Amino acid sequence: MAETRDAVGSPARSVLRIAVPMLPADLVAVLVPLAVLALMGRIDGDAHYVRAMFMPVQFLFLALIAGIGASNQVAAAVAHGAGDLRAAGAALRADARIAAGAGAAFSVLLIVLAPLLGDLMGVSEAARAEFTGFLRAIAPASALLLGPALAAATLRGCGLARQAAAVTLLAALTEIGGVALLALGAGLGIAGVAPAVALSGLAGTALGWVLLRRAGLLGPGAPAPAGAVRPVPVRAAVRRLTAVGVPVGASYLVICAANLVLMRILAPFGPSVQSGYANAATLQTLLIIPGLVLGSATAIVLNSHRGAGRSGLLSPTLQAGLRITAGAYAVLAVVSYAGRDLLAGVMSGDAQIAAETARYLQTVGLSYLLMGLVLAALTVLEQVGGGPAALAMNAVYFVGAVAVGGWLAAASGPDALYRTIAAFNGLGAVAVGVAVWFVRRLAARETSGPSAPDTRPSTTRTGKGT
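Labelled according to an unreviewed UniProt entry, the protein chain appears under the name MATE family efflux transporter, originating from Streptomyces cavourensis.

A. Molecular detail of the overall build of the protein chain. The secondary structure content of the protein chain amounts to 17 helices and two strands. Going through the 466 residues of the protein chain one by one, you find that 53% of them count as buried.

B. Here's a closer look at the packing of aromatic side chains. Following the criterion strictly, the structure yields five aromatic pairs and no others. Note on Tyr 277 and Tyr 360: the rings are 5.7 Å apart at their centroids and 75° apart in plane angle, and the pair reads as edge-to-face. With a gap of 83 residues between them, Tyr 277 in helix 10 (residues 271-308) and Tyr 360 in helix 13 (residues 351-364) connect regions that are remote in the sequence. Residue Tyr 360 is classed as buried on the basis of its relative accessible area of 1%.

C. Structural view of the layout of surface pockets. Quantified by volume, the second largest pocket comes out at close to 350 Å³. Surrounding the second largest pocket, 18 residues form its lining, Leu 92, Ala 96, Gly 147, Leu 150 and Thr 205 being those nearest its centre. Among the elements of the structure, helix 4 (85-120), helix 6 (146-157) and helix 8 (193-214) are those that each provide at least two residues to the lining of the second largest pocket. The element that contributes the greatest number of residues to the lining of the second largest pocket is helix 8, accounting for six residues. Here the residues of the lining of the second largest pocket are counted per class, giving 13 nonpolar, four polar and one charged.

D. Inspection of the nonpolar core at higher detail. The biggest cluster of nonpolar side chains holds 31 residues, and the ones touching the most others in it are Met 40, Leu 135 and Ile 138. Contributing elements (two or more residues each) for this core: helix 2 (11-40), helix 3 (47-81), helix 4, helix 5 (125-143), helix 7 (161-185) and helix 8. When residues of this core are assigned to their parent elements, the largest contribution, seven residues, is made by helix 5. Formed by 28 residues, the second largest nonpolar core is a distinct cluster that contains Ala 281, Leu 287, Phe 398 and Ala 401.

E. Representation of the side chain of Ser 142 within the structure. Looking at the element boundaries, Ser 142 is found in helix 5. Those residues within four positions of Ser 142 in sequence are excluded, and the remaining contacts are Phe 54, Phe 61, Ile 65 and Val 197.

F. Inspection of the pattern of salt bridges at higher detail. The final tally for this structure, using the stated rule, is five salt bridges. Notably, a salt bridge pairs Asp 95 with Arg 240, separated by 3.2 Å at the nearest N-O pair. Linking Asp 95 in helix 4 with Arg 240 in helix 9 (residues 234-266), this pair joins segments that are 145 residues apart in sequence. Classification of Arg 240 by relative accessible area gives buried; the value is 1%. With a shortest N-O distance of 2.5 Å, Arg 359 and Glu 356 are connected by a salt bridge. Taken as a pair, Arg 359 and Glu 356 lie in helix 13 at a separation of three residues, close to a single helical turn. One network of salt bridges, with partners in common, ties together Asp 119, Glu 125 and Arg 128.

G. View of the confidence of the model for the protein chain. Overall, the predicted model of the protein chain reaches an average pLDDT of 84, with 89% of residues at or above 70. Ranking the elements of the protein chain by mean pLDDT puts strand 2 (residues 459-461) last, at 35, and helix 8 first, at 95. The low-confidence segment residues 1-7 (pLDDT under 50) makes eight contacts with residues lying over four places distant or belonging to another chain. Contacts from residues 450-466, a stretch scored under 50 in pLDDT, to residues over four places away or in other chains number 59 contacts.

H. Inspection of helix 9 at higher detail. With 33 residues, helix 9 should reach 48 Å at 1.5 Å per residue; the first-to-last C-alpha distance of 46 Å fits that figure. Most pronounced at Leu 241, the bend in helix 9 amounts to some 45°.

I. Expanded view of the packing of helix 9 against helix 10. Two elements in contact, helix 9 and helix 10, have axes whose closest approach is 9 Å; the angle formed by their N-to-C orientations is 150°. By the criterion of interaxial angle, the relationship of helix 9 to helix 10 is roughly antiparallel. As helix 9 runs across helix 10, the sense of the crossing is right-handed. Two secondary-structure elements touch here, helix 9 through Asn 259, Leu 262, Met 263 and Leu 266 and helix 10 through Val 273, Gln 274, Tyr 277 and Ala 278.

J. Looking closely at the environment of Val 123. Following the sequence through the fold, Val 123 ends up in the loop between helix 4 and helix 5. Taking the relative accessible area as the measure of exposure, Val 123 reaches 3% and is therefore buried. Spatially, the C-alpha atom of Val 123 lies 9.0 Å from that of Tyr 49, the residues being 74 residues apart in sequence.

K. Molecular detail of a nonpolar patch on the surface. Together, Val 108, Leu 109, Val 112, Leu 113, Leu 116 and Leu 120 make up an exposed nonpolar region whose accessible area comes to about 560 Å². With respect to the helices and strands, the residue Val 108 is situated in helix 4.

The rules behind each value
- Residues numbered from 1 in each chain as written.
- Predicted model: local features only at pLDDT ≥ 70, side-chain atom pairs only at ≥ 80, totals over all residues.
- Heavy atoms only, no water.
- Helix = DSSP H or I, 4+ residues; strand = E, 2+ residues; numbered from the N terminus.
- Buried < 20%, exposed > 50% of the residue type's maximum accessible area, 1.4 Å probe, protein only.
- Phe/Tyr/Trp six-rings, centres within 6.5 Å; stacked < 30°, edge-to-face > 60°.
- 1 Å grid on protein atoms, 1.4 Å probe; cavity = no way out; pocket = protein on both sides within 12 Å on 5 of 7 lines; lining within 4 Å.
- Points joined across faces, edges and corners; volume = space filled by probe spheres on them.
- Nonpolar A, V, L, I, M, F, W, Y, C, P; charged D, E, K, R; others polar.
- Core = buried A, V, L, I, M, F, W, Y, C linked by side-chain atoms within 4.5 Å.
- Contact = heavy atoms within 4.5 Å.
- Salt bridge = Lys/Arg side-chain N within 4 Å of Asp/Glu carboxyl O.
- pLDDT = per-residue confidence, 0-100.
- Expected span 1.5 Å × (residues − 1).
- Bend = angle between axes of the 7 residues up to and from the residue.
- Axes fitted to C-alpha atoms, helices over the stretch in contact; angles between N-to-C directions.
- Parallel < 35°, antiparallel > 145°, perpendicular 65-115°, else oblique.
- Left-handed = near helix turned anticlockwise from the far one by under 90°.
- Patch = residues over 30% accessible without salt bridge, like charges linked within 9 Å, V, L, I, M, F, W, Y side chains within 5 Å.
- Areas by Shrake-Rupley, 256 points an atom, 1.4 Å probe, with all protein chains shown as cover.

Right, dumping it as structure tokens:
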């Protein structure tokens, strides 16, 4: 075991080697919608309002992109571990066909249903026509973002985290720069957003294609090792997408729905409370990124070990990832709690709104330690075959927090909701135990037999499984 561990590097170094380049790129990607929204606020008319009303619809695209990306990342990591570039390339091509079809279908659906969505979301009559036109333009442009997402997922899965980060950063910065140049500089207003998003997708895809080709993932690749994987039809990729991608995408939708309901729960307490919570939720969105990145990096290393048949390193790798996450979130939790007034003041210059943001952080801040561990554990589960369990725990967490917190808030005020969220962050720690148990069982199963078919790349075995 010691020799194998030395050959592949310590579990902690392996996780950090992937996580460190991913973190800044993912943070920038999360900030893009906020930056674009801020830029829209500088345009006359209803541009800011229309863009803000699009945010819930944007979560649908995020769910689609995250689901397909996670599925492809799993395939690439397993194939990379097996030393078979052809399998990683085959998985990428299969997922690209699925992404193209899904993106086109989703775009057409939104174009057709744009007026109905405006009605359902309560868009004002004055902005209705502008919202419909914006949605019909942004839908096909947003579908182009699947290209950079797939390229980055394959590169990450194959251990090329810096190259993947370059793709993500280029796409994000192109979108922000495009909006600034087209919407503001060229005076196109909100009509400049869709072309900027399209340019972002095309630029990220172009760089991804260059880096994938340079890595040998778009050509025939290296000869497959004896008994290794060989390509199979797209239906294998669909099975993998069902097992991995659907739970990931569904988790995004659960989070989106929960946040919308929480805003409705806080509505009776006035706009200052809602705005204060919205600011805290925005900050919290940034705070969850390290947990997702560390969980994803841990899952990549786990799946690489699976592809290489190193089942003995699965549990040590998970433990290393969780230890790193605990250390990171011990710092983030203390900073969130101790620096709540400073952070709240940065988020808003309004004293009442800042006070509400600080009140939320005072109640919830220290529980971020457990929240980070839960995020990492759930992300690992989603990418090693435990997607349904992760989705179920996500649903229980958010539905429970919303239901119990909403009931208590109606009787006692917003503090009761915040305390409930903190309590559920603590209760969510059961996910860590489930992840540890699942990975141990996975290691035992793969030591004695083939891998579970739902987490393998879009390939099939010709010899002994990993």
